Amino acid sequence: MAKFDITDWSDFVRGIASPEDEEKMQRLLEPSATEASSAAGVVEHLRQVASLGKADHEAPVPSYAVRIAKAIASVRRQKPEIGQRRSPFRRLRCTAAFDSFLQPAPVGTRDLDRSHRTLTFEAESYRINLRLEHELEPRSTVAVGQVMQPSQTEAPLSRVPVLVFAGQDEIDRTLTSAFGEFQFEGLPQQALELCLLIGEDFVELPLDLASGAAHGAGL
């Protein structure tokens, strides 16, 4: 066993070890060998690993999972190039259609609760509803949203990758549910960007959680 490491035994299990090494390893597995028990344990473990790997390789991968993996990897690698020719995504112009902070308070009332904010963004045929809830202890923000496609009878969009960036750093990511919903908790109250990948379309929502501003118009 001392001569062969885990890589050598992996080659043995896969049948790609050299004839000389295979013969020596086979002798180590004989019951009379001093290290037979230890060698047999390593081989059995590696055979189980190889069996699991083969099963995973043969299992079909859902097309949506492949798309999501490629999209997330591409955004992390090419985020500075979004909107340029080299980007594989089509960047959509996004506008803020509704902001609860901009709505006048009813006559005779005073709106003292500024911890919650409701926003609606539109980007071509997509609509993103967003609710921001600011927590004081500790200071953080909860973002709850829903991605819809109004042109298709208010159809929610499921399995949409949603990522949160602070500058070039990815803070968090998730997928929308069957109802097109997503949620992030514990977001730092600073300038963030909410990025959504809907097929080949890229939607980016800049949010300044430190000041409570949402720069959605004119993106």
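Details of the structure are given in the entry above.
A brief structural summary. (Residues numbered from 1 in each chain as written. Predicted model: local features only at pLDDT ≥ 70, side-chain atom pairs only at ≥ 80, totals over all residues. Heavy atoms only, no water.)

This part covers the environment of Ala191. Topologically, Ala191 is positioned in strand E10 (residues 191-198). With 25 residues separating them in the primary sequence, Ala191 and Ala166 have C-alpha atoms 6.6 Å apart. In this structure Ala191 touches Phe165, Ala166, Leu207, Asp208 and Leu209, once residues within four positions along its chain are discounted. (Helix = DSSP H or I, 4+ residues; strand = E, 2+ residues; numbered from the N terminus. Contact = heavy atoms within 4.5 Å.)

Here the structure, examined in full by the defined rule, presents three aromatic pairs. Aromatic side chains Phe4 and Trp9 sit 6.1 Å apart centroid to centroid with 75° between the ring planes, which places their arrangement in the edge-to-face category. The same class applies to Phe4 and to Trp9, which are both buried. With a centroid separation of 5.6 Å and an interplanar angle of 80°, the aromatic rings of Trp9 and Phe12 are classed as edge-to-face. Linking Trp9 with Phe12, this pair stays in helix H1 (residues 6-14), spanning three residues, or about one helical turn. Residue classification places Trp9 among the buried residues on the basis of a relative accessible area of 1%. (Phe/Tyr/Trp six-rings, centres within 6.5 Å; stacked < 30°, edge-to-face > 60°. Buried < 20%, exposed > 50% of the residue type's maximum accessible area, 1.4 Å probe, protein only.)

Here we come to the pattern of salt bridges. Any two side chains of opposite charge can pair, so long as their charged atoms come close to each other. Applying the stated criterion to the full structure yields eight salt bridges. When the shortest N-O distance is used, the salt bridge between Arg27 and Glu23 registers 3.3 Å. Here Glu23 and Arg27 lie together in helix H2 (residues 19-28), a separation of four residues that amounts to about one turn. Judged by its relative accessible area of 43%, Arg27 is partly exposed. As a salt-bridge pair, Asp99 and Arg117 come within 2.3 Å of each other at their nearest N and O atoms. Separated by 18 residues along the polypeptide, Asp99 in strand E2 (residues 95-99) and Arg117 in strand E3 (residues 116-123) bring together distant segments of the chain. Exposure class is identical for Asp99 and Arg117. Each is buried. (Salt bridge = Lys/Arg side-chain N within 4 Å of Asp/Glu carboxyl O.)

Okay, the packing of H1 against helix H3 (residues 36-58) next. In the contact formed by H1 and H3, the axes pass within 9 Å of each other and the chain directions differ by 65°. Relative to H3, the crossing made by H1 is right-handed. Only Ala39, Val42, Val43, Leu46, Arg47 and Ala50 of H3 make contact with H1, whose side of the interface consists of Ile6, Trp9, Ser10, Phe12 and Val13. Per-class residue counts for the contact of H1 with H3 are nine nonpolar, one polar and one charged. (Axes fitted to C-alpha atoms, helices over the stretch in contact; angles between N-to-C directions. Left-handed = near helix turned anticlockwise from the far one by under 90°. Nonpolar A, V, L, I, M, F, W, Y, C, P; charged D, E, K, R; others polar.)

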